[in-house]
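Given next are the chains, with one letter for each unit.
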Amino acid sequence: GGLISVPVYECLTPAGTLDAAQRHRFAQEATRIHTEVTGSRAQFVHVIFPELGAGYMYSAGEAGAPAIIRAQIRAGRPREARESILRQLETSYLELTGADPKEVMVTVLEVPPDCALSGGMIMPEPNKADEAAFYDAIDNSPSCSPAHR
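Throughout what follows, the structure given in this document is the object of discussion.

**Some thoughts on the environment of arginine 70**
Now for step 1: Residue placement: arginine 70 occurs in strand 6 (residues 67-74).
Now for step 2: What makes arginine 70 partly exposed here is its relative accessible area of 28%.
Now for step 3: Along the chain, arginine 70 and arginine 87 lie 17 residues apart, while their C-alpha atoms are 12 Å from each other.
Now for step 4: Discounting chain neighbours no more than four positions away, the residues touching arginine 70 are Val8, Tyr9, Glu10, Leu12, Thr107 and Leu109.

This is the structure we're talking about:
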């Protein structure tokens with residue numbers, strides 16, 4: 001396994017909604033979106049696909065089948081970046097699945113950088129100087145394999 005940190009993109013759906021190819025494509029798209037919008041390295045982007053059985057998802061108090069996409073990213077990014085992530089994730093999911101837009105909710109949850117740990121180090125503030133120092137430390141860490149740098 002690689003380094004576990006934010007960002008984490010979580011796509012919750014009813015069981016069987018997405019097949020393996022769709023999950024793979026959405027993971028690629030979430031990674032592309034995040035790296036393009038934020039400038040972060042791809043190896044820090046994690047995408048997970050929890051599936052819930054029938055009767056475990058509700059909308060307006062009734063059993064439903066919404067897709068809920070949650071992007072957990074470091075706090076401190078500009079509003080334009082958050083909105084771009086939201087809109088691009090929704091577009092990608094809708095194009096990939098043909099889902100009804102009324103059945104898809106996308107959220108960005110901001111995690112203070114000092115509340116996330118990766119590679120044994122607290123995550124940096126989302127700015128070029130702090131990120132460069134963090135990446136340099138990760139790149140030179142003996143506990144981090146070359147495949148994850």
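**Structural notes on helix 1 (residues 20-38)**
In an α-helix, one turn spans 3.6 residues; hence positions three or four apart end up facing the same way.
Now for step 1: With 19 residues, helix 1 extends 27 Å between its outermost C-alpha atoms, agreeing within 8% with the 27 Å of an ideal straight helix rising 1.5 Å per residue.
Now for step 2: Three or more residues of helix 1 are buried, namely Gln22, Phe26, Glu29, Ala30, Thr31, Ile33, His34 and Thr38.
Now for step 3: Packed against the buried residues of helix 1 are strand 1 (8-14), strand 2 (46-48), strand 6 and helix 2 (79-97).
Now for step 4: Measuring from the side-chain oxygen of the N-cap residue of helix 1 to the backbone nitrogen of alanine 21 gives 3.1 Å; that N-cap residue is aspartate 19.
Now for step 5: Taken from the residues just after helix 1, glycine 39 is the one with a positive phi, measuring 80°.

**Let's talk about the nonpolar core**
Now for step 1: Grouped together as the largest cluster of nonpolar side chains are 18 residues, with contacts concentrated most on Tyr9, Phe26, Ile69, Ile85, Leu89, Tyr93 and Val104.
Now for step 2: Only strand 1, helix 1, strand 6, helix 2 and strand 7 (104-111) provide two or more residues apiece to this core.
Now for step 3: Excluding residues that lie within four positions of it along the chain, isoleucine 85 makes contacts with Tyr9, Ile33, His34, Val37, Thr38, Ala71, Ile73 and Val108.
Now for step 4: Core analysis: the second largest hydrophobic core is formed by eight residues, Phe44, Val111, Phe134 and Ile138 among them.

**Quick look at unusual backbone geometry**
Now for step 1: Notably, alanine 60 is not glycine yet its phi reads approximately 55°, a positive angle.
Now for step 2: Mapped onto the secondary structure, alanine 60 falls in the loop between strand 4 (58-59) and strand 5 (62-63).
Now for step 3: Judged by relative accessible area, which is 83%, alanine 60 ranks as exposed.

**Let's talk about the pattern of salt bridges**
Now for step 1: Following the criterion strictly, the structure yields nine salt bridges and no others.
Now for step 2: With its nearest N and O atoms 2.8 Å apart, the salt bridge here joins arginine 41 to aspartate 139. With a gap of 98 residues between them, arginine 41 in the loop between helix 1 and strand 2 and aspartate 139 in helix 3 (residues 128-139) connect regions that are remote in the sequence.
Now for step 3: Two residues, arginine 77 and glutamate 131, come together in a salt bridge whose shortest N-O distance is 3.7 Å.

**Points about the pairing of strand 6**
Now for step 1: Judged from the five bridges that link them, strand 1 and strand 6 form a sheet pairing that is antiparallel. Counted as the bridge partner of leucine 12 is isoleucine 68 from strand 6.
Now for step 2: Pairing of strand 6 with strand 7 involves eight bridges; the strand directions are parallel. Residue pairing for strand 7: arginine 74 is matched across the bridge by valine 111.
Now for step 3: In this fold, the crossover linking strand 6 to strand 7 by way of helix 2 has right-handed handedness.

The rules behind these values
- Residues numbered from 1 in each chain as written.
- Predicted model: local features only at pLDDT ≥ 70, side-chain atom pairs only at ≥ 80, totals over all residues.
- Heavy atoms only, no water.
- Helix = DSSP H or I, 4+ residues; strand = E, 2+ residues; numbered from the N terminus.
- Buried < 20%, exposed > 50% of the residue type's maximum accessible area, 1.4 Å probe, protein only.
- Contact = heavy atoms within 4.5 Å.
- Expected span 1.5 Å × (residues − 1).
- Polar contact = N/O pair within 3.5 Å; in protein donor to acceptor, adjacent residues only side chain to side chain.
- Core = buried A, V, L, I, M, F, W, Y, C linked by side-chain atoms within 4.5 Å.
- Salt bridge = Lys/Arg side-chain N within 4 Å of Asp/Glu carboxyl O.
- Pairing = 2+ DSSP bridges.
- Right-handed = clockwise from strand over helix to strand, strands pointing away.

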